[in-house]
Amino acid sequence: MSLPSTEVQDPGAREGAGILESRLTGLGREEFARDVWGRTPSLTRGASGFADVFSPSAVDELISRRGLRTPFLRVAKDGATLPSSSFTAPAGVGATVADQLDDTALWRAFADGATLILQALHRTWEPVADLVSGLSAELGHPVQANAYVTPPQNRGFDAHYDVHDVFVLQIEGAKRWVIHEPVLPDPLRDQPWTDHRAAVADRAAHGTPHLDTMLRPGDVLYLPRGWLHSAQAQGQVSIHLTLGVHAWTRYALAEQLTRAALAALGDDPAMRRSLPLAERATNGRNEPGGSNGADGTGGVLDLVRERLLAAVAEADPAPLFHRARRSQARPAPLGPVAQLAALNGLTTTSPVRLRKALEPRLEGTRLHTRVGHLDFPASDLVPVARLLDGRVRTAGDLGLALAGRLLRAGVLVPADR
């Protein structure tokens, strides 16, 4: 079965659009959210040229010149992951790192048909990091990136599903993708495909594919979590980027709501009381309302349910939810030498701005960010609030003392970065 696809006619005409529209799907954020997000796979032909993001030369540089260590790379062959000891080695004289990538071993594995998987490229390759940061901000969900480098006519993994949504960006070569409908729709992070291995294998072997297609450079495939997929390179080396979107779910929100409710119950003296002793139940001397259980907890259980439901109804999960979101990603890179130079050279005309990807949230007099929190006197709240729009300010606009404090905390950066 083929999937209706979108073909981007004129990428240049979408200048100024978001990443979803300009580089990935040709769809605006609202249209993508309404018709595609979390619902169905989507194939976009000729979405964008990705040479500015990743390339074969980037693969070679990362493996041979960047001194990467595991787990920044995995190697897979015939559907299995090879042990890291087979492609790592000591870094040489003057270094104490014993598990850096061994480019000779990796070359031999690659020539023998293994797929190289460069993981967490949003931490090691700046163009990918910029794309991931922008997409995460646009979607409101954490995003990470891996690259899959597959030799001709080889596959990496058997049919499986991911517990996160993915955008597959074909960089080099061609790869055949076979997609089947889920055996477990919308799996949570603790519900991996290996828990349903038999059902996955049966669906892949005997089910009718939802999509069987060839991806070529510039094509983008979106898959919601849970959709089964396998891929095989064709007559040349295939390189594709997978942008994994770790979607926040209703279940995750329920977790935060429950934690907020339990925190509130910890302040309730009645809820901190011990349960009745079991022997008191057999002697008929239970606490009032606690006589309809073998251990005297029947009435207490009703009380706990009542208090818990009330706490859930009144709980505000927002602080915990935002704290969890901040922990899922890192802020934009910060160079200590350049930052010190900016601090030492600070004047009233120095242009500054909020560091990107901080997930800032001002609650009362406290600013929460991915690099910690800061408390401010009332006199600083107005300029701090103005900073949150991300626009460039001068240190004089903020006040030199406040600007210096924020630079030192790694919250503020020179406007040229």
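Asks: Hey, could you go over the layout of surface pockets for me, with residue numbers and the actual values?
Replies: Each pocket or cavity is described by its volume, and for the largest pocket that value is around 990 Å³. Those elements that place two or more of their residues in the lining of the largest pocket are α5 (126–139) and β8 (143–150). With eight residues, the single largest contributor to the lining of the largest pocket is α5. Residues belonging to the lining of the largest pocket are distributed by class as follows: 15 nonpolar, 10 polar and 11 charged. Approximately 460 Å³ is the volume attributed to the second largest pocket. Lining the second largest pocket are 25 residues, with Tyr 148, Phe 157, His 160, Asp 162 and His 229 positioned closest to its centre.

Asks: Which residues make up the sheet that holds strand β20 (residues 412–414), and what are the values?
Replies: The three strands lie next to each other as β19-β15-β20, forming an open sheet whose pairing is antiparallel. Strands at the two margins of the open sheet, each flanked by one partner only, are β19 (393–394) and β20. Both strand β15 (residues 351–354) and β19 contribute to a ladder of two bridges, which runs antiparallel. Looking at β19, one finds that Val 352 is bridged to Arg 393.

Asks: Let's hear about the packing of aromatic side chains: which residues, and what values?
Replies: Applying the stated rule across the entire model yields six aromatic pairs. Ring centres 6.3 Å apart and planes at 90° place the aromatic pair Phe 54 and Trp 125 in the edge-to-face group. Here Phe 54, found in the loop between β2 (42–45) and α3 (56–65), pairs with Trp 125, found in the loop between β7 (115–118) and α5; they are 71 residues apart in sequence, far enough to count as distant. The burial state of Phe 54 is the same as that of Trp 125; both residues are buried. Pairwise contacts between aromatic rings join Phe 32, Trp 37, Phe 167 and Tyr 222 into one cluster.

Asks: Please provide a residue-by-residue account of the side chain of His 229, values included.
Replies: Locating His 229 in the fold gives a position in strand β13 (residues 228–233). When its relative accessible area of 7% is taken as the criterion, His 229 is described as buried. Polar contacts involving the side chain of His 229 include one to the side chain of Asp 162, which spans 3.3 Å. With near-sequence residues (within four places) excluded, His 229 lies in contact with Asp 158, Ala 159, His 160, Tyr 161, Asp 162, Trp 177, Val 178, Ile 179 and Leu 223.

Asks: Break down the confidence of the model for the protein for me, with residues and values.
Replies: With 91% of its residues at a pLDDT of 70 or more, the protein has an overall mean of 89. Segment residues 1–14 is flagged for pLDDT under 50; beyond a separation of four residues in sequence, or across chains, it makes 31 contacts in the model. Here residues 281–286 is a poorly scored stretch, pLDDT under 50, and it has 10 contacts once near neighbours within four places are set aside; other chains count.

Asks: Go over the pairing of strand β10 (residues 175–180) with me, naming the residues and quoting the values.
Replies: Along β10, five of the six residues are buried, which leaves the element largely enclosed by surrounding structure. Bridge count between β10 and strand β11 (residues 211–215): five bridges; the pairing is antiparallel. Residue pairing across strands places Trp 177 opposite Thr 213, the latter belonging to β11. For β10 and β13, the ladder comprises six bridges, and the chain directions are antiparallel. Directly across from Val 178, in β13, lies its bridge partner Ser 230.

Asks: Describe in detail the nonpolar core, supporting the description with residues and values.
Replies: Residues Phe 54, Leu 118, Leu 121, Phe 167 and Leu 169 are the most contacted members of the largest nonpolar core, which totals 46 residues. Among the elements that make up this core, the one with the highest residue count is α5 (five residues). Setting aside residues up to four positions removed in sequence, Leu 121 forms contacts with Phe 54, Leu 62, Val 128, Ala 129, Ala 145, Asn 146, Ala 147 and Leu 241. Among the nonpolar cores identified, the runner-up in size contains 18 residues, and Leu 343, Leu 354, Ala 403 and Leu 406 belong to it.

Asks: Let's hear about helix α14 (residues 400–408): which residues, and what values?
Replies: Within α14, burial applies to Leu 402, Ala 403, Gly 404, Leu 406 and Leu 407. Gly 410 sits one or two residues past α14 and shows a positive phi near 75°.

Asks: Could you give an account of unusual backbone geometry, with specific residues and numbers?
Replies: The amide bond that connects Thr 70 to the next residue, Pro 71, takes the cis arrangement and shows omega of 10°. Secondary-structure assignment places Pro 71 in the loop between α3 and β3 (73–77). Positive phi outside glycine occurs at Asp 186, with the angle close to 50°. Mapped onto the elements of the fold, Asp 186 is located in the loop between β10 and α6 (197–206). A positive phi angle, close to 60°, is found at Ala 357, a residue other than glycine. Take Ala 357: it is sitting in the loop between β15 and β16 (361–363). Look at Ala 357 and you get partly exposed, because its relative accessible area is 28%.

Parameters and conventions
- Residues numbered from 1 in each chain as written.
- Predicted model: local features only at pLDDT ≥ 70, side-chain atom pairs only at ≥ 80, totals over all residues.
- Heavy atoms only, no water.
- 1 Å grid on protein atoms, 1.4 Å probe; cavity = no way out; pocket = protein on both sides within 12 Å on 5 of 7 lines; lining within 4 Å.
- Points joined across faces, edges and corners; volume = space filled by probe spheres on them.
- Helix = DSSP H or I, 4+ residues; strand = E, 2+ residues; numbered from the N terminus.
- Nonpolar A, V, L, I, M, F, W, Y, C, P; charged D, E, K, R; others polar.
- Pairing = 2+ DSSP bridges.
- Phe/Tyr/Trp six-rings, centres within 6.5 Å; stacked < 30°, edge-to-face > 60°.
- Buried < 20%, exposed > 50% of the residue type's maximum accessible area, 1.4 Å probe, protein only.
- Polar contact = N/O pair within 3.5 Å; in protein donor to acceptor, adjacent residues only side chain to side chain.
- Contact = heavy atoms within 4.5 Å.
- pLDDT = per-residue confidence, 0-100.
- Core = buried A, V, L, I, M, F, W, Y, C linked by side-chain atoms within 4.5 Å.

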